[in-house]
Amino acid sequence: MERCGKSRGRSRLSLHLEQGAVDQLFRGLEPRAAGRQSDAVEDPFALARDYLGKGLLELAAAETSRAVSRGADRVEGHVLAGEIFARRGLHGEALERFRAARAEQPDRREARFGEVRALLALGRGSAAVHDAEALVQETPGDVDVQMALASSRLAAGNPAGALDALRVARERAPQRADILKLEGDIAQSLGNTQAALDAYQAALGLDPRYVQVYVDVGKTHEARGDPRAAEASFRAALEILPTHAEAVLALAHLCRRTGSPRGAVNLLVDFLTHDPADVDALLALGRALLEDNRLDPALQVLRRVLAFDDKHCGAMFFAGVVLAQLKRYREAVGMWERVIALDPSGPFAQEARKHARTALDLQHIFRSEAA
């Protein structure tokens, strides 16, 4: 976002123009103004599209809203707004706009494809299979649609079907790195880590700055029990894009897992200076501080997570662990009871029950000793 600096005072010029010169000036401008009006009638979203193409997303959004308020096609406005939100990484908002467009025109292709892409970005690809298959039937030569079908089938637990769609895409576009990346993802889901690495390396051969592939390579090395190679891949991703959240979190997890919580702390603190509201990074920092036995800062960070999301079970669970280590057992049990009440069958609930029983026993022991 552009920042406003000091305003500069405009120099005041005294201009003396003869009336004839003024008339000539405006006559010169009239055809251009008329041309602009004509363009606006033909495509009221032309300026918004131009801004979007240049990456000026705030201006694109403002111009889209302005065009709709002047009577331009609402469905087209929803679709364009969805594209703008998707470019900003706000995929939930993008999904809402694409669905609003489909509510008025259910068969609008751009809205249907936009919804598929938004669902994939939100990790809900299994819900996109039906629409992706229909889009492939309508436009079988569209590589991006074939890719979306492959991704949605993979998310739905159908790697064989994903491979079928991907083969079609690869035949039509053999030099696309994202196709090779998806091939690696499918191989990974099938447990074939060597095939996954081969596909990822081929993708990097086509695009050596493909950050996400370095992250995927790192995770594959980690799954194969090679932490050094994993670390090298995560660091390669961060050399290209130091603020890539997934790479930061993956490397921080690796540091913690290999007995270096302080390294994870340093990494996460650096990242959070860029994005202090990243809840996943804050939770990871709280856990790293806990493992580094820095209990008071850990509790402070975990409470910051709960300030952003007061129903975050992970933050509650680990806050309970910190409180128990500080011998504040009643508060710890209270945290774990909230976890159990919020998500009784969730991943933290069973551990919370065990920890709560232990904390209650310890609280009883300490009371007995004090007496």
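Residue positions are counted from 1 within each chain, in the order its sequence is given. Residues qualify for local features only when their pLDDT is at least 70, as the model is predicted, and side-chain atom pairs are given and counted only at 80 or more; totals for whole chains, interfaces and linings, by contrast, use all residues. The basis for the side-chain values is all heavy atoms of the structure; hydrogens and waters are excluded.

Student: Just to check I follow, could you spell out the overall build of the chain for this structure?
Tutor: Per the secondary structure count, the chain includes 20 helices and zero strands. Residue burial is assigned from relative accessible area. The probe radius is 1.4 Å, only protein chains are included, and a residue is buried under 20% of its type maximum, exposed over 50%, and partly exposed in between. Looking at the chain as a whole, 40% of its 371 residues qualify as buried. Contacts are assigned to residue pairs with any non-hydrogen atoms lying within 4.5 Å of each other. Across the chain, every contact between residues at least 6 apart in sequence was considered, and the portion connecting residues at least 24 apart equals 46%. The Shrake-Rupley method, run with a 1.4 Å probe, gives the accessible areas here. Residue values count only the displayed protein chains as cover. Of the roughly 21,400 Å² of accessible surface on the chain, 51% is carried by carbon and sulfur atoms. Each helix is a run of DSSP H or I of at least 4 residues and each strand a run of E of at least 2, with the numbering of both proceeding from the N terminus.

Student: So what exactly am I meant to see when it comes to the packing of helix α6 (residues 109–121) against helix α7 (residues 129–138) here?
Tutor: When two helices pack together, their arrangement is given by the angle between their axes and by how far apart the axes lie. Interaxial distance between α6 and α7 falls to 9 Å at its minimum, and their mutual angle equals 135°. By the angle between their axes, α6 is oblique relative to α7. In terms of crossing hand, the pair formed by α6 and α7 is left-handed. Contact residues: Arg109, Arg112, Phe113, Glu115 and Val116 in α6; Asp131, Ala132, Ala134, Leu135 and Glu138 in α7. Side-chain classes follow a simple rule in which Ala, Val, Leu, Ile, Met, Phe, Trp, Tyr, Cys and Pro form the nonpolar group, Asp, Glu, Lys and Arg form the charged group, and the remainder, Gly included, forms the polar group. Looking at side-chain class alone, the contact of α6 with α7 contains five nonpolar, no polar and five charged residues. For every element, the axis is a line fit to its C-alpha atoms; helices are fit only across the contacting stretch, and the angle between N-to-C directions ranges from 0 to 180 degrees. The scheme is simple: roughly parallel for angles under 35 degrees, roughly antiparallel for over 145, roughly perpendicular for 65 to 115, oblique for anything else. Helix crossings get a hand from a simple test, with the near helix turned counterclockwise from the far one by less than a right angle marking a left-handed crossing and a clockwise turn marking a right-handed one.

Student: Quick question: what am I supposed to make of helix α5 (residues 91–104) here?
Tutor: Under the 1.5 Å per step criterion, the end-to-end length of α5 is 20 Å for 14 residues, consistent within 8% with the ideal 20 Å. Within α5, burial applies to Ala94, Leu95, Phe98, Ala101 and Arg102. End-on view of α5: buried residues confined to an arc of 125°, all on one side of the axis. Projecting away from the buried face of α5 at angles above 90 degrees are the exposed residues Glu96 and Ala103. One less than the residue count of a helix, multiplied by 1.5 Å, gives the span that helix is expected to have. Directions pointing from the helix axis toward each C-beta atom define the arc.

Student: Just to check I follow, could you spell out the pattern of salt bridges for this structure?
Tutor: By definition here, a salt bridge exists when the distance from a side-chain nitrogen of Lys or Arg to a carboxyl oxygen of Asp or Glu is within 4 Å. Applying the stated criterion to the full structure yields 31 salt bridges. Salt-bridge contacts for Glu96 lead to Arg97; the nearest nitrogen and oxygen are separated by 3.6 Å. On the accessibility criterion, Glu96 (53% relative accessible area) is exposed. With its nearest N and O atoms 2.8 Å apart, the salt bridge here joins Arg102 to Asp131. One end of the pair, Arg102, is in helix α5; the other, Asp131, is in helix α7, and 29 residues separate them in sequence. Salt bridges sharing partners connect three or more residues here, namely Asp43, Arg49, Glu76, Arg108 and Glu110.

Student: Would you mind showing me how to read the packing of helix α4 (residues 74–87) against α5 here?
Tutor: Where α4 contacts α5, the two axes come as close as 8 Å, and the packing angle between them is 165°. Taken together, α4 and α5 sit at an angle that is classed as roughly antiparallel. α5 is crossed by α4, and the crossing has left-handed handedness. Facing Arg74, Val75, His78, Val79, Ala81, Gly82, Glu83, Phe85 and Ala86 of α4, the residues of α5 in contact are His91, Glu93, Ala94, Arg97, Phe98, Ala100, Ala101 and Glu104.

Student: How do you make sense of the packing of aromatic side chains when you look at a structure like this?
Tutor: Each aromatic ring pair is described using two quantities: the centre-to-centre distance and the angle formed by the ring planes. Each Phe, Tyr or Trp ring (for Trp, its six-membered ring) is paired with any other whose centre lies within 6.5 Å, and the angle between the two planes then decides the class: stacked below 30 degrees, edge-to-face above 60, tilted in between. On inspection of all chains with the given rule, the structure shows three aromatic pairs. Between the aromatic rings of Phe317 and Phe318, the centroid separation amounts to 5.1 Å while the plane-to-plane angle is 80°, which identifies the pairing as edge-to-face. The residues Phe317 and Phe318 share a single accessibility class, namely buried. Where Phe317 meets Phe348, the ring centres are 5.5 Å apart and the plane angle is 35°; that geometry is what we call tilted. Pair noted here: Phe317 is in helix α18 (residues 313–325) and Phe348 is in the loop between α19 (329–342) and α20 (349–370), with a separation of 31 residues, a long-range link. Taking relative accessible area as the criterion, Phe317 reaches 6% and is therefore assigned buried. Pairwise contacts between aromatic rings join Phe317, Phe318 and Phe348 into one cluster. Stacked on the ring of Phe113, the Lys or Arg Arg117 has its end atom at 5.1 Å from the ring centre. Counting as a charge over the ring demands two things of the Lys NZ or Arg CZ atom: a distance within 6 Å of the ring centre and an angle within 35 degrees of the ring normal.

Student: Help me out: how do you make sense of the confidence of the model for the chain in this one?
Tutor: Low-pLDDT portions of the prediction should not be read for the details of their coordinates. One confidence number per residue, pLDDT, is output by the predictor and ranges from 0 to 100. Averaged over all residues, the pLDDT of the chain equals 87, while 86% of them reach at least 70. Of the regions scoring below 50 in pLDDT, residues 1–40 engages in two contacts with residues more than four places distant in sequence or in other chains. Within the model, pLDDT remains below 50 along residues 365–371, and this stretch shows three contacts once partners closer than five positions in the same chain are excluded.

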